[in-house]
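Residues per chain are reported as follows:
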Amino acid sequence: KNEVEQSPQNLTAQEGEFITINCSYSVGISALHWLQQHPGGGIVSLFMLSSGKKKHGRLIATINIQEKHSSLHITASHPRDSAVYICAETNFGNEKLTFGTGTRLTIIP
Amino acid sequence: NAGVTQTPKFQVLKTGQSMTLQCAQDMNHEYMSWYRQDPGMGLRLIHYSVGAGITDQGEVPNGYNVSRSTTEDFPLRLLSAAPSQTSVYFCASSYRGSSSYNSPLHFGNGTRLTVT
């Protein structure tokens, strides 16, 4: 069974800071998902990637397949970025997602 | 499009009662799945389906049943509720499977279930 570990568990930063959240997994994967869970509980998909890098606005996701590691970066962080960020992995032919426990991000104005 | 619709939003059950959590999507997605989220444990997969008539177990299937008679609907049945099933439940769907490239997940708003 693949294990997915996220770090840090909690992160507090000042508005404007560059944020990095890390995700490591133990076996090879086909896809890595980054999700955002709002304080109200809703979950939205931010990225799905299998190699390289993706960018959407101030958010950047990268993955290193050889090192079994992915990072989520937020540039020019804002209080509205405060949320729990969750990574999840899945394999080809096995549609079972395994999730990390999440990183709680708090951005202080 | 309404996206993924989950009902009810809140539910309180007594031990031994049965109930069905509803999940419907209007995006013609092949893949649908159910998760539970417990404090400190993250999301865990209960059951999933890759198309109408096809279901499979996830990480924590015991005590839950599913069926997929149509593409749109994927109900989750609690057969005999137990306090250990107190949790927040999420339904999610995607166009293809969770491993298919460019097939992001769409989540419902969740159901908070309490079993007393």
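Residues numbered from 1 in each chain as written. Chains lettered and ligands numbered in written order. Predicted model: local features only at pLDDT ≥ 70, side-chain atom pairs only at ≥ 80, totals over all residues. Heavy atoms only, no water.

Caption draft 1: Quick peek at the sheet that holds strand S1 (residues 4-7) of chain B. Residues and elements named next belong to chain B. Strand order in the open sheet formed by four strands is S1-S3-S8-S7, with antiparallel pairing between adjacent strands. Whereas interior strands pair on both sides, the edge strands pair on one side only; in this sheet they are S1 and strand S7 (64-66). Within this sheet the neighbouring strands show an average axis-to-axis angle of 20 degrees, counted without direction. Two strands pair when backbone bridges link them, and strand S3 (residues 19-25) and strand S8 (residues 76-78) are joined in this way by three bridges, in the antiparallel orientation. Residue pairing in the sheet places Met19 in a bridge with Leu78 of S8. (Pairing = 2+ DSSP bridges. Helix = DSSP H or I, 4+ residues; strand = E, 2+ residues; numbered from the N terminus. Axes fitted to C-alpha atoms, helices over the stretch in contact; angles between N-to-C directions.)

Caption draft 2: Structural detail: the nonpolar core. All names here are of chain A. Counting residues in each nonpolar core, the largest one holds 21 residues, and the members touching the most others are Ile19, Leu32, Trp34, Phe47, Leu49, Leu72 and Tyr85. Of all the secondary-structure elements, those providing two or more residues to this core are strand S3 (19-25), strand S4 (31-37), strand S5 (43-49), strand S7 (59-64), strand S8 (69-74), strand S9 (83-91) and strand S11 (103-108). Per-element accounting of this core gives the leading share, four residues, to S3. Discounting residues that sit within four places of it in the chain, Phe47 has contacts with Leu32, His33, Trp34, Lys54, Lys55, His56, Leu59, Ile60, Ala61 and Leu72. (Core = buried A, V, L, I, M, F, W, Y, C linked by side-chain atoms within 4.5 Å. Buried < 20%, exposed > 50% of the residue type's maximum accessible area, 1.4 Å probe, protein only. Contact = heavy atoms within 4.5 Å.)

Caption draft 3: Broad picture of the sheet that holds strand S6 (residues 52-56) of chain A. Residues and elements named next belong to chain A. Overall, antiparallel pairing links the five strands, which are arranged S1-S3-S8-S7-S6 in an open sheet. The outermost strands of the open sheet, each flanked by one partner alone, are strand S1 (4-7) and S6. On average, each strand axis in the sheet is tilted by 15 degrees relative to the strand beside it, whichever way the strands run. Here S7 runs beside S8; their pairing, made up of six bridges, is antiparallel. Across the sheet, Ala61 pairs through a bridge with Leu72, a residue of S8.

Caption draft 4: Region of interest: the packing of aromatic side chains. Residue and element names in this part refer to chain B. With the rule as written, the count across this model stands at five aromatic pairs over all chains. Centre to centre, the rings of Phe90 and Phe107 are 6.5 Å apart; their planes meet at 80 degrees, and the pair counts as edge-to-face. You can see Phe90 sitting in strand S9 (residues 87-94) and its partner Phe107 sitting in strand S10 (residues 106-107), a full 17 residues away along the chain. In terms of burial, Phe90 and Phe107 fall into one category: buried. (Phe/Tyr/Trp six-rings, centres within 6.5 Å; stacked < 30°, edge-to-face > 60°.)

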